[in-house]
Amino acid sequence: MYQLTEGQVERNEYSTIPFKWIRSEQPNNSICIMLPGLGYTTKRPLFHYATGVCLNNKIDVLHVNYEFAKNEHFKKLSETEQENWMYEDVKAVVREVVKDINYEQCFLLSKSIGTIPMAMEWTEKNFIHNSVGIWLTPLIKNENVYQALLKTELPSLCIIGDQDNHFIEDRIYSIKNNECVSTVVIPNADHSLEIKEDILASIDAAKEVITAIQDFIIKNKQ
């Protein structure tokens, strides 16, 4: 059985971040913090099934459901200011929600814009420890995200479609040279990891993604 806690963290007068925390009634020693995209929320299929994979493997889950696209103050900021805002929001939720729980291992799963605060945490290490990373459609055009994947020494899984507008073949090739990163390129998949105008192929792609996530979690779960 699981306990479900939903709430929000108010970081300042301009930023209130909803969250959902799913944890086992019997204490688990691992948590997966999930950082969605702008339009691809934690209610979308890949996060739904990834959440199930985590729970099936005795990993608690924290959805950080930021709403940057609806925040007028956020929209007025420069790119650097927006990136710092995202990171501060994520830190605020993690610190508030799990402040009394001593998890021994942290999985961090992000998609799209969520890979920006993830990359910053990969460098700063303010809340992760004994960490494992799952990067879905990472924004590798962003230098911080690219460098985080290129240089990471933490076990990582990178999944991207070759029709994603953030797919850069040379950068993916370089990331593949990092032995800590398992890289999966989904043929014909776009930024949602779907195949345009082909529902059945999109379902197959989703299965490939979730299978890769499940195998990676089983391999690295402690």
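Scroll up to find the structure this text is about.
In this report, we go over the structure that sits alongside the text. (Residues numbered from 1 in each chain as written. Predicted model: local features only at pLDDT ≥ 70, side-chain atom pairs only at ≥ 80, totals over all residues. Heavy atoms only, no water.)

To continue, consider the pattern of salt bridges. Scanning the entire structure with this criterion turns up 6 salt bridges. Between Glu143 and Arg171 there is a salt bridge, with its nearest N and O atoms 2.8 Å apart. Here the residue Glu143 occupies a position in helix 5 (residues 143-151), and Arg171 occupies one in helix 6 (residues 169-176), the gap between them amounting to 28 residues. (Salt bridge = Lys/Arg side-chain N within 4 Å of Asp/Glu carboxyl O. Helix = DSSP H or I, 4+ residues; strand = E, 2+ residues; numbered from the N terminus.)

The next thing to look at is the sheet that holds strand 1 (residues 2-12). Ordered by their spatial adjacency, 8 strands build an open sheet running 1-2-4-3-5-6-7-8, and the pairing between neighbours is mixed. The strands lining the two open edges of the sheet, one partner per strand, are strand 1 and strand 8 (181-186). Taking the axes of each pair of neighbouring strands and ignoring which way they run, one obtains an average angle of 15° across the sheet. Relative to the sheet, helix 1 (residues 45-56) contacts strand 1, strand 2 (15-24), strand 3 (30-35), strand 4 (60-64) and strand 5 (105-111), its axis offset from that of strand 3 by approximately 175°. (Pairing = 2+ DSSP bridges. Axes fitted to C-alpha atoms, helices over the stretch in contact; angles between N-to-C directions. Contact = heavy atoms within 4.5 Å.)

A few words now on the environment of Asp60. When you line up the elements, Asp60 lands in strand 4. In the structure, Asp60 is positioned 47 residues away from Phe107 in sequence and 9.7 Å away in space, judged by C-alpha atoms. Setting aside chain neighbours within four positions, we find Asp60 in contact with Trp21, Ile22, Arg23, Ser24, Asn28, Ser30, Ile31, Cys32 and Tyr103. In terms of polar contacts, Asp60 uses its side chain to reach the side chain of Asn28, at 2.8 Å. Polar contacts involving the side chain of Asp60 include one to the side chain of Tyr103, which spans 2.7 Å. (Polar contact = N/O pair within 3.5 Å; in protein donor to acceptor, adjacent residues only side chain to side chain.)

Glancing now at the state of the cysteines. Taken as a whole and assessed by the stated rule, the structure comprises 0 disulfides. Left without a disulfide partner, Cys32 is nearest to the cysteine sulfur of Cys54, which lies 3.9 Å away. (Disulfide = S-S within 2.5 Å.)

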